[in-house]
Amino acid sequence: MRNSLVELNGRERAKALLDKDTYRELLGPLDKMQSPHLEPQGIVPQSDDGVIIARGQINQKNVVVISLEGSFQGGGIGEVSGAKIAGALELALEDNKQGNVVYPIILFDTGGVRLQEANYGLLSISEIANQMVALRQYVPVVGLIPGRVGAFGGMSIVAELCTTLLATNKARLGLNGPEVIEQEAGVMEFDSSDKALIWNTIGAKQRVRTGLLDHVVEDDMESIVEAIEVALSEGKRPAKTEQVDFHLSLLKGIDSSAEWNPEKYADYFKQHQAEKQAVPMAEDGNADISSSRGYKWFAELTGITHPTGATPSVLAADVIKNGQLARYMAIVPDANNHFPRARNGEVGLLEGWTAAQIVRDVISQDADKEVKRPIIAVIDVPSQAYGYKEELVGISLALAASADAYATARQKGHPVIGLICGNAISGAFLAHGLQSNRLIALDDDKINIQAMSKASAARITKRTIEQLEEATKSVPSMAYDVHSYHSLGPLYKLLTNINADSPTEHDLKTVEQTLLEAIASTKDAATDLSFRLQTDEAINGGRAATLKVREMLRQQW
């Protein structure tokens, strides 16, 4: 196994990829930039926080290699590790904009968000995704999943944003790990002890057959470097996340009541041909299809009575308020959802791809307009969908498609404003809301913002729910309440004295005025996510480590 990449640790992997004598590590162990949020929880931190950033060359091409260390906290993304990745990609983007070509290469060995820093992980992953979407306009972004941990959680969404995604046959790729699905949906949905089922469903060989991976490479350095070289030489090309019509028509042909297995789905995927799909817009219905907050606020803000549509779980409408045309969007419960695991407002396969379709429709319609239409995301999402069929088909790609569309719209000049009126949890929030360049939240005790349900977070971190809640007192990023979230700095405004369940006319006017102010604040402002690092809360401690990491990276770049 002398030439195996899988058998190496994160730092050794980065060194092994680079040409001899070109390795230069940034923000390495001697800089001691470690997480400040682990010791208060009795966890020993690591001096590089589990992420290695290396400048160097591959076959004389300038690259930055980002390697995640799966043996530290399962490769989970916290504040420091996330800031290292996002910061390195941002600097690579700046170089490429100036004509200095730097190719980003990401080695994924991660379970996703580090639950001990929960909301820091979600924020960081959205910022990483933003940089990747921007970088793809200049150079190919190459991802590689060596093995061991694999690529899971929010980082599976990031992986799907790569121009080219490679893996060895020892790798796995999925949004929801089998243990989490079992916790959320039961052992009959996905048996986490059935190793053969797991590998046949989310292993690299199946993922390449069904379009989630581009190539499976042999676990030897010569083959891996050659595959990376080919990916770099291919240059820019459309991302998998842009294949909206293909995936929407594919989903419509799936009988969700039938039994599906990896072989059956791979055959179906291979034979499928894309069909053009109409964009579903909301219209007046005969009765409310949901009582959720997201549904109520969408109806109130758009003035549509009993809103419904061709895809009832994803509502969209173009509305003019005070002379301002905007597209409003909400993901809501649909008791008759084609996919049962997404019937309570979860963001699933259909929701991810439909949201991407609706956002890209706005981009297309406004392509030649100097002033771009704002997009208002009404946010009340309890989680992503947890289900076997979701993982088999590739919910990670569906949610990546939505995040990609929102990020693309914002980068092209569309103000993207998120209104948190209900829950904002996990991958659902990454797909619908966290790419907003302005986030507004209602000050309400029922709102939860987090990376995972308490039951699953307790199981994964090997704590009781009581222990989990105790830890939030010293680590606000682990808390679920909106005030703790606000203290991290991501909000444009926290609106008080609003009845979130039954808004009055005054409440509605207050929210509408705040939306208009948020839209106005984006004029002549950066189209990235930097605003959330410039709020008083972020500067005064909420993102202190993030800002320090970015400063040190820039000095060493």
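Below: a short report on this structure. (Residues numbered from 1 in each chain as written. Predicted model: local features only at pLDDT ≥ 70, side-chain atom pairs only at ≥ 80, totals over all residues. Heavy atoms only, no water.)

1. As for the overall build of the chain
Across its full length, the chain carries 21 helices and 18 strands. Viewed in the frame of its principal axes, the chain has a C-alpha envelope of about 70 × 55 × 55 Å. Taking all contacts inside the chain whose residues are at least 6 apart in sequence as the whole, residues at least 24 apart take part in 75%. As presented, the chain carries roughly 20,700 Å² of accessible surface, and 46% of it is formed by carbon and sulfur atoms. (Helix = DSSP H or I, 4+ residues; strand = E, 2+ residues; numbered from the N terminus. Contact = heavy atoms within 4.5 Å. Areas by Shrake-Rupley, 256 points an atom, 1.4 Å probe, with all protein chains shown as cover.)

2. Regarding the nonpolar core
Counting 186 residues, the largest nonpolar core has Phe108, Trp297, Ile420 and Leu442 as its most contacted members. Examining the composition of this core, we find that eleven residues originate from one element, helix 3 (residues 118-135), more than from any other. (Core = buried A, V, L, I, M, F, W, Y, C linked by side-chain atoms within 4.5 Å. Buried < 20%, exposed > 50% of the residue type's maximum accessible area, 1.4 Å probe, protein only.)

3. Some points on the side chain of Glu90
Along the chain, Glu90 turns up in helix 2 (residues 79-97). A polar contact is formed between the side chain of Glu90 and the side chain of Arg550, at a distance of 2.7 Å. Glu90 has contacts with Gln131, Arg550 and Arg554, leaving out every residue within four places of it along the chain. (Polar contact = N/O pair within 3.5 Å; in protein donor to acceptor, adjacent residues only side chain to side chain.)

4. So, the pairing of strand 5 (residues 142-145)
Here strand 5 shows two buried faces, one formed by Val142 and Leu144 and the other by Gly143 and Ile145. For strand 4 (residues 103-107) and strand 5, the ladder comprises three bridges, and the chain directions are parallel. Across the sheet, residue Ile106 finds its bridge partner in strand 5, namely Gly143. The sheet contact formed by strand 5 and strand 7 (residues 164-168) spans four bridges and is parallel. In the sheet register, Gly143 faces strand 7, and the bridge partner there is Leu165. (Pairing = 2+ DSSP bridges.)

5. Considerations on the layout of surface pockets
Counted as a void, the largest pocket has a volume near 870 Å³. Considering the residues around the largest pocket, the lining is formed by 37 residues, among which Gly111, Phe152, Gly177, Val180 and Ile460 are closest to the centre. Residues of the lining of the largest pocket, tallied by class, amount to 15 nonpolar, 16 polar and six charged. Each pocket or cavity is described by its volume, and for the second largest pocket that value is around 480 Å³. (1 Å grid on protein atoms, 1.4 Å probe; cavity = no way out; pocket = protein on both sides within 12 Å on 5 of 7 lines; lining within 4 Å. Points joined across faces, edges and corners; volume = space filled by probe spheres on them. Nonpolar A, V, L, I, M, F, W, Y, C, P; charged D, E, K, R; others polar.)

6. Describing the sheet that holds strand 5
Taken together, seven strands build an open sheet; the order of strands is 1-2-3-4-5-7-9 and the sheet is mixed. Two strands close off the open sheet at either side, each with one partner strand: strand 1 (24-26) and strand 9 (215-217). Strand-to-strand, the axes of this sheet are offset by a mean angle of 25 degrees, without reference to chain direction. Judged from the eight bridges that link them, strand 2 (residues 51-58) and strand 3 (residues 61-68) form a sheet pairing that is antiparallel. Bridge pairing in strand 3 places Val51 opposite Leu68. Relative to the sheet, helix 8 (residues 221-233) contacts strand 2, strand 3, strand 4, strand 5, strand 7 and strand 9, its axis offset from that of strand 5 by approximately 155 degrees. (Axes fitted to C-alpha atoms, helices over the stretch in contact; angles between N-to-C directions.)

7. A closer look at the packing of helix 11 (residues 293-302) against helix 19 (residues 505-521)
Axis separation between helix 11 and helix 19 bottoms out at 11 Å; the angle between their running directions is 80 degrees. On the basis of the axis angle, helix 11 is roughly perpendicular to helix 19. Listed contacts from helix 19 to Trp297, Glu300 and Leu301 of helix 11 are Leu508, Val511, Glu512 and Leu515. Looking at the contact of helix 11 with helix 19 residue by residue, the class counts come to five nonpolar, no polar and two charged. (Parallel < 35°, antiparallel > 145°, perpendicular 65-115°, else oblique.)

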